[in-house]
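What follows is each chain in one-letter form.
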Amino acid sequence: MRIPVMLEAGLSAPSYARQGDAGADLRCTADVRLEPGERALVGTGVRVALPQGTVGLVTPRSGLAARRGLGIVNAPGVIDSGYRGEILVCLINHDPAEAIALSAGDRVAQLVVVPCITAQFEAVRSLDETDRGSGGYGSTGVGIDTSEVN
């Protein structure tokens, strides 16, 4: 699938590290330092025109998450097919003690493009019964009391 991309001067298009990878690397456009628990909205310098019927999911890079505690606040971030602005990533430092320093050009996230179905929601009085029923958080292991959810 070909996807039109506009880039800030001097940047290259998102790319896959290896053949068969699902996520194309996104890089930050500026240096950023994140103290423990701190978050920052960083630019990638990338604008895309995703085809209708697809969605871009911006996900963390697993190596950075495991080694340094770098995550994405709203993972996965959603890039709708009608969006034409710069892809921004809201990074967070989950490490409890160490700051994370990123340099312009560092790979900070991945863009996964997948098919997307637009649903039509219909209000009904009841739903069909299933084995799971309303079992949610922890329903297949240690149960969590959800009766006090706000």
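What you see is a predicted model; the values in this text were computed from it and never measured. (Residues numbered from 1 in each chain as written. Predicted model: local features only at pLDDT ≥ 70, side-chain atom pairs only at ≥ 80, totals over all residues. Heavy atoms only, no water.)

To summarise the sheet geometry, strands pair through backbone hydrogen bonds and adopt either a parallel or an antiparallel arrangement. Across the sheet, four strands lie side by side as β2-β11-β6-β8; this open sheet has antiparallel pairing. Where the open sheet ends on each side, the last strands, each with one partner, are β2 (24–27) and β8 (77–79). Pairwise comparison of adjacent strand axes, ignoring direction, gives a mean angle of 35° for this sheet. Bridge analysis of strand β6 (residues 54–59) against strand β11 (residues 107–115) gives six bridges, and the strand direction is antiparallel. (Pairing = 2+ DSSP bridges. Helix = DSSP H or I, 4+ residues; strand = E, 2+ residues; numbered from the N terminus. Axes fitted to C-alpha atoms, helices over the stretch in contact; angles between N-to-C directions.)

Our focus in this paragraph is the UniProt feature "binding site: substrate" (unreviewed entry) in the chain. Under the present numbering, the feature "binding site: substrate" (unreviewed entry) in UniProt falls on R61, S62, G63, N74, V78, I79 and D80. For the residues just named, distributed over 20 residues, the greatest C-alpha separation reaches 26.2 Å, placing them at more than one site. Following the sequence through the fold, R61 ends up in the loop between β6 and α1 (62–68). Once you skip the residues sitting within four places of it in the chain, R61 turns out to touch D25, R107, V108, A109 and Q110. Tracing the chain through its elements places I79 in strand β8. Once you skip the residues sitting within four places of it in the chain, I79 turns out to touch V48, L50, V55, G56, V58, I87 and L111. (UniProt positions renumbered as here; feature names shortened; annotations may be inferred. Contact = heavy atoms within 4.5 Å.)

Take the sheet that holds strand β4 (residues 39–43) next. Pairing is antiparallel across the open sheet formed by three strands, whose spatial order is β4-β9-β7. Both edges of this open sheet fall to β4 and β7 (70–72), since each of them pairs with a single strand only. Taking the axes of each pair of neighbouring strands and ignoring which way they run, one obtains an average angle of 40° across the sheet. Bridge analysis of β4 against strand β9 (residues 88–93) gives five bridges, and the strand direction is antiparallel. Residue pairing in the sheet places L41 in a bridge with C90 of β9.

This part takes up a nonpolar patch on the surface. Residues V5, L7 and L11 make up a contiguous nonpolar surface patch of about 190 Å² in total accessible area. Tracing the sequence through the fold places L11 in the loop between β1 (5–7) and β2. (Patch = residues over 30% accessible without salt bridge, like charges linked within 9 Å, V, L, I, M, F, W, Y side chains within 5 Å. Areas by Shrake-Rupley, 256 points an atom, 1.4 Å probe, with all protein chains shown as cover. Salt bridge = Lys/Arg side-chain N within 4 Å of Asp/Glu carboxyl O.)

Before going further, it helps to examine the side chain of D25. Looking at the secondary structure, you find D25 in strand β2. A polar side-chain atom of D25 sits 3.1 Å from a polar atom in the side chain of R107. Apart from residues no more than four positions distant in its own chain, D25 is found in contact with P14, S15, A17, R61, R107, A109 and Q110. (Polar contact = N/O pair within 3.5 Å; in protein donor to acceptor, adjacent residues only side chain to side chain.)

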